[in-house]
Amino acid sequence: MDDETYGDLQRSAREHLWMHFTRHSSYEKADVPIIVRGEGAYIWDAKGTKYLDALAGLFVSQLGHGREDLAEAAARQAKELAFFPLWSYAHPNAIELAERIAGYAPGDLNKVFFTTGGGEAVETAWKLAKQYFKLTGRPTKHKVISRAIAYHGTPQGALSITGLPPMKAPFEPLVPSTFRVPNTNIYRAPEFLPHTDGNADPEAFGRWAADQIAVAIENEGPDTVAAVFLEPVQNSGGCFPPPPGYFQRVREICDEYDVLLVSDEVICAFGRLGHYFGAERYDYQPDMITFAKGVTSGYAPLGGMIATDELMEPFRHGTTTFLHGYTFGGHPVSTAVALANLDAFENEGINKRVRENEGAFRATLEKLYDLPIVGDVRGDGFFYGIELVKDKATRETFNEAESEKLLRGFLSKALYDAGLYCRADDRGDPVVQLAPPLICDQAHFDEMEQKLRDVLSRAVDLL
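These figures come from a predicted structure and were not determined experimentally. (Residues numbered from 1 in each chain as written. Predicted model: local features only at pLDDT ≥ 70, side-chain atom pairs only at ≥ 80, totals over all residues. Heavy atoms only, no water.)

J.: Would you explain the overall build of the protein chain in this entry?
T.: Broken down by element type, the protein chain carries 15 helices and 17 strands. For 463 residues, the compact-globule formula gives about 23 Å, and the C-alpha radius of gyration of the protein chain, at 22 Å, lands near that figure. Of all 463 residues assigned to the protein chain, the portion counted as buried reaches 54%. Within the protein chain, contacts between residues separated by at least 24 positions form 71% of all contacts whose residues are at least 6 apart in sequence. In the structure as shown, the protein chain presents an accessible area of about 20100 Å², 53% of it carried by carbon and sulfur atoms. Where the 46 positive side-chain charges of the protein chain centre and where its 66 negative ones centre are 2 Å apart. (Helix = DSSP H or I, 4+ residues; strand = E, 2+ residues; numbered from the N terminus. Rg over C-alpha atoms; globule rule 2.2 N^0.38 Å. Buried < 20%, exposed > 50% of the residue type's maximum accessible area, 1.4 Å probe, protein only. Contact = heavy atoms within 4.5 Å. Areas by Shrake-Rupley, 256 points an atom, 1.4 Å probe, with all protein chains shown as cover. Lys, Arg positive; Asp, Glu negative; His and termini not counted. Charge placed at Lys NZ, Arg CZ, Asp CG, Glu CD.)

J.: Quick question: what am I supposed to make of the side chain of Glu 265 here?
T.: As for its position among the elements, Glu 265 is in the loop between strand 10 (260-264) and helix 10 (278-281). One buried charged residue, Glu 265, remains without a salt bridge, the closest side chain of opposite sign being Arg 147 at 10 Å. Within the local environment of Glu 265, its side chain forms a polar contact with the backbone nitrogen of Gly 278, the two atoms lying 2.5 Å apart. Not counting chain neighbours up to four residues away, the residues in contact with Glu 265 comprise Pro 232, Phe 277, Gly 278, Ala 279, Tyr 284, Ile 289, Thr 290 and Phe 291. (Salt bridge = Lys/Arg side-chain N within 4 Å of Asp/Glu carboxyl O. Polar contact = N/O pair within 3.5 Å; in protein donor to acceptor, adjacent residues only side chain to side chain.)

J.: Which parts of the structure should I look at to understand a nonpolar patch on the surface?
T.: A contiguous nonpolar surface patch, about 260 Å² in accessible area, is contributed by Met 1, Leu 9 and Val 36. For Met 1, the position within the fold is in the segment before helix 1 (3-16). (Patch = residues over 30% accessible without salt bridge, like charges linked within 9 Å, V, L, I, M, F, W, Y side chains within 5 Å.)

J.: Is there a simple way to think about the pairing of strand 5 (residues 143-147) in this case?
T.: Sheet faces and side chains relate simply in a regular strand, where the side chains alternate between the two faces. A large share of strand 5 lies buried, amounting to five of its five residues. The pairing of strand 5 with strand 9 (residues 225-230) spans three bridges and is classified as parallel. Bridging across to strand 9, Lys 143 finds its partner in Val 225. Summarising the sheet, strand 5 and strand 6 (residues 178-181) pair through four bridges and their orientation is parallel. Bridge pairing in strand 6 places Ser 146 opposite Arg 180. (Pairing = 2+ DSSP bridges.)

J.: How should I be thinking about the packing of aromatic side chains in this particular structure?
T.: Remark: the centre distance and the inter-plane angle together describe each pair of aromatic rings, the angle taken between the planes. Under the defined criterion, the tally for this structure stands at 20 aromatic pairs. Centre to centre, the rings of Phe 382 and Phe 445 are 5.6 Å apart; their planes meet at 80 degrees, and the pair counts as edge-to-face. Of this pair, Phe 382 sits in the loop between strand 13 (374-380) and strand 14 (383-388) while Phe 445 is found in helix 15 (residues 442-460), placing the two residues 63 residues apart along the sequence. A relative accessible area of 1% means that Phe 445 is categorised as buried. Feature note: the residues Tyr 104, Phe 270, Tyr 276, Phe 277, Phe 291 and Phe 345 constitute an aromatic cluster, connected by ring pairs. Taking NZ or CZ as reference, Lys 130 lies 4.5 Å from the ring centre of Trp 126, over its face. Over the ring of Tyr 151 we find Arg 427, and its NZ or CZ is 5.5 Å from the ring centre. (Phe/Tyr/Trp six-rings, centres within 6.5 Å; stacked < 30°, edge-to-face > 60°. Lys NZ or Arg CZ within 6 Å of the ring centre and 35° of its normal.)

J.: Is there a simple way to explain the layout of surface pockets in this structure?
T.: One water molecule sets the probe size; rolling that probe over the atoms shows where empty space is left. Each pocket or cavity is described by its volume, and for the second largest pocket that value is around 760 Å³. Lining the second largest pocket we find 26 residues, and of these Leu 86, Val 112, Phe 113, Phe 322 and His 324 sit closest to its centre. Taken together, the elements giving at least two residues each to the lining of the second largest pocket come down to helix 4 (92-104), strand 4 (109-115), strand 12 (303-308) and helix 11 (309-312). Examining the composition of the lining of the second largest pocket, we find that four residues originate from one element, strand 4, more than from any other. Residue composition of the lining of the second largest pocket, grouped by class: 19 nonpolar, six polar and one charged. (1 Å grid on protein atoms, 1.4 Å probe; cavity = no way out; pocket = protein on both sides within 12 Å on 5 of 7 lines; lining within 4 Å. Points joined across faces, edges and corners; volume = space filled by probe spheres on them. Nonpolar A, V, L, I, M, F, W, Y, C, P; charged D, E, K, R; others polar.)

J.: Would you take a moment to explain unusual backbone geometry for this structure?
T.: One can expect most non-glycine residues to show negative phi and most peptide bonds to be in trans. Note the cis peptide between Glu 172 and Pro 173, where omega equals 5 degrees. Its location among the elements puts Pro 173 in the loop between helix 7 (165-168) and strand 6. In this model, Cys 239 sits at a positive phi of 65 degrees, which is unusual for a non-glycine residue. Of note, Cys 239 is situated in the loop between strand 9 and helix 9 (246-257).

J.: So what exactly am I meant to see when it comes to the packing of helix 8 (residues 202-220) against helix 9 here?
T.: When two helices pack together, their arrangement is captured by the angle between the axes and the distance separating the axes. One can describe the packing of helix 8 onto helix 9 by two numbers: an axis separation of 8 Å at closest approach and a directional angle of 20 degrees. Put simply, helix 8 runs roughly parallel to helix 9. At the point where helix 8 passes helix 9, the crossing takes the right-handed sense. Contacts between helix 8 and helix 9 pair Gly 206, Arg 207, Ala 209, Ala 210, Asp 211, Ile 213, Ala 214, Ile 217 and Glu 218 from the former with Tyr 246, Arg 249, Val 250, Ile 253 and Tyr 257 from the latter. Among the residues forming the contact of helix 8 with helix 9, the class breakdown is nine nonpolar, one polar and four charged. (Axes fitted to C-alpha atoms, helices over the stretch in contact; angles between N-to-C directions. Parallel < 35°, antiparallel > 145°, perpendicular 65-115°, else oblique. Left-handed = near helix turned anticlockwise from the far one by under 90°.)

J.: Would you mind showing me how to read the pattern of salt bridges here?
T.: Side-chain pairing between opposite charges can occur once the charged atoms of the two side chains come close. For the structure shown, the criterion picks out 36 salt bridges. Put simply, Arg 378 and Glu 387 hold a salt bridge, and the shortest N to O gap is 2.8 Å. The pair Arg 378 / Glu 387 is uniform in exposure class, with both members buried. Each of the salt bridges in this network shares a partner with another, and the network as a whole consists of Arg 188, Asp 376, Arg 378, Glu 387 and Asp 429.

So this is what it looks like as structure tokens:
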């Protein structure tokens, strides 16, 4: 890109583009990063600099960048039928994709409601839960329980379910009736639980964390609670996998109190954990699954909610309608891309590839434990968080000012300058998150480790 074009884009971005989740003051004296091309696991900016995409865009680009098969699927469909809504009508791609997704989903999760993204999928699941209980004679069941620090989306309902007070405060009052329970961050498990060599017993911690859901249901009244929203691996806070037995106990609790279990798999579905759905990996049966992101590998926007036959049953008779929908939900082009994406998953053995390589990914990241700033490396599949600490022996974290200096004052820019696109995040304790395209191999893992080692080593000098 020539200097004049680049300068014009910079001026236009500052004057007209309102970027998402962006501190715009950062670009008063600095250029806006402009990404222009992607190929495989790499992206290039407008100046020609190459970066390893270690976050798959935003937990999205499962098959990597530059896939001609997915681009061609979109073009073919756009020529044939660019748009038609699913409001009392259908089109072949939506029908085929719904059947295919239902076939991957566990148990009798057979009904697929399409949206354009994850936040809308979460909205859909909560609205369905409330209307379902009204239609089946339990109209007071409307409340939702979710976990501390968990992120479930930006729409008003999904944001209410989110467990991040600083993200919610600017938009309050939000939708009422949502409540938080502890998450599964075993690295910071309560001290009163059994510990060995400073680490909490995983089964005891899992049982305790799950039982807090029962406590919350009892506190709110079982006849008022509609659903529990949980990610298989919680994203916000830095990739918290479930302890052994956790989801099995949650399922028992939901059955006991007649509460729906919603598996929010906007990030975890479609290969991120080496399976089509995280519920399959951790062997639990939800009543609903929400999905988005990886279903198209980012080549077109699409999300959805999968429900059991039982939840659909009240809507199959008489004049009852689920009065809910989105103009672009189940878009013909997006569903065509999703079908091509799933073809590639099957033909190229993507889920198997993740399972075969996840051990090497973990082992490579765990090499960073020799750095004094690295307290914990956690995750599963191709989805990891590295928690940064001030004192490894005591697990002391950084205060707000130190975290600001470390993450925004140094790490975010330093990682990018080093040619590594990932996330330095402090929604919870400071972490670096990595979720690369599912096509990555040992060479990519080594590159991530080397770049992280260089930057984190320099970060130590700031402390």
